[in-house]
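# Structural overview for review
What follows is each chain in one-letter form.
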Amino acid sequence: MPLDPSLGTAENCLRAVQERADIFVLIVGTRYGAITDSGKSVTNLEYLRAKEKGIPIYTFVDKKIINNIPLWRDTILRWIFPPL
């Protein structure tokens, strides 16, 4: 995917989702990732852009997270999928 050197990492990733993605594959692990100025991770912003675009989203969740599903559902899930 061609990157625009005048844009930052988050902007390049969001542009790629907007202009090039036909599907979005989300892999949820035990780390949230770097927080952007918006307070969300780049992955979170990419997910929101894919949802806004209306493309299919396929989510894979690490077993370590699934084993703690009540905790995951009540805390991390709200960070990843905040109400719009």
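Our structure's up above, just so we're on the same page.
Since we're looking at a predicted model, the values are computed, not measured. Positions within a chain are numbered from 1, following the residues in the order the chain's sequence is written. Local features in this predicted model are restricted to residues of pLDDT 70 or higher, and side-chain atom pairs are both shown and tallied only at a pLDDT of 80 or more, whereas totals for entire chains, interfaces and linings draw on every residue. Calculated side-chain values reflect all of the structure's heavy atoms, with hydrogen atoms and water omitted.

### So, helix α1 (residues 9–20)
Secondary structure elements follow DSSP: runs of H or I of four or more residues count as helices, runs of E of two or more count as strands, with numbering from the N terminus. One less than the residue count of a helix, multiplied by 1.5 Å, gives the span that helix is expected to have. Given a rise of 1.5 Å per residue, twelve residues ought to cover 16 Å, and the 16 Å separating the end C-alpha atoms of α1 matches this to within 8%. Residue exposure (1.4 Å probe, protein chains only): buried if accessible area is under 20% of the type maximum, exposed if over 50%, otherwise partly exposed. Along α1, the positions that sit buried rather than exposed are Ala10, Asn12, Cys13, Leu14, Ala16 and Val17.

### Quick notes on helix α2 (residues 42–53)
Along its twelve residues, α2 runs 16 Å from first to last C-alpha, staying within 8% of the 16 Å computed at 1.5 Å per residue. Listed in full, the buried residues belonging to α2 are Asn44, Leu45, Glu46, Tyr47, Leu48 and Ala50. Looking one or two residues past α2, glycine 54 carries a phi angle of roughly 85°, positive in sign.

### Quick notes on the pattern of salt bridges
Any carboxyl oxygen of Asp or Glu that lies within 4 Å of a side-chain nitrogen of Lys or Arg is treated as forming a salt bridge with it. Applying the stated criterion to the full structure yields three salt bridges. Put simply, arginine 49 and glutamate 52 hold a salt bridge, and the shortest N to O gap is 4.0 Å. With a gap of three residues between them, arginine 49 and glutamate 52 both fall in helix α2, about one helical turn apart. Looking at arginine 49, the relative accessible area reads 25%, which means it is partly exposed. Each member of the salt-bridge network shares a partner with another, and the members are Asp4, Arg15 and Glu19.

### Side note on the nonpolar core
Only buried residues count toward a nonpolar core, which is a set of Ala, Val, Leu, Ile, Met, Phe, Trp, Tyr and Cys residues joined through side-chain atoms within 4.5 Å. If you look at the biggest cluster of nonpolar residues, it comprises nine residues: Val17, Ala21, Phe24, Leu26, Val28, Tyr47, Leu48, Ala50 and Ile55. For this core, the secondary structure elements donating two or more residues are β1 (24–28) and α2.

### Overview of the packing of α1 against α2
Packed helices, taken two at a time, are described by the angle their axes make and the gap between the axes. In the contact formed by α1 and α2, the axes pass within 9 Å of each other and the chain directions differ by 25°. Overall, the two elements α1 and α2 adopt an arrangement that is roughly parallel. You can see that α1 and α2 cross each other, and the crossing is right-handed. Of α2, the residues touching α1 (which contributes Ala10, Cys13, Leu14, Val17, Gln18, Glu19 and Arg20) are Val42, Leu45, Glu46, Arg49, Ala50 and Lys53. Helix axes are fitted only over the stretch in contact, all axes being lines through C-alpha atoms; the angle between N-to-C directions runs from 0 to 180 degrees. The scheme is simple: roughly parallel for angles under 35 degrees, roughly antiparallel for over 145, roughly perpendicular for 65 to 115, oblique for anything else. Handedness of a helix crossing follows the sense of rotation of the near helix relative to the far helix, less than a right angle counterclockwise being left-handed and clockwise being right-handed. The contact criterion used is simple: two residues touch if any of their non-hydrogen atoms lie within 4.5 Å.

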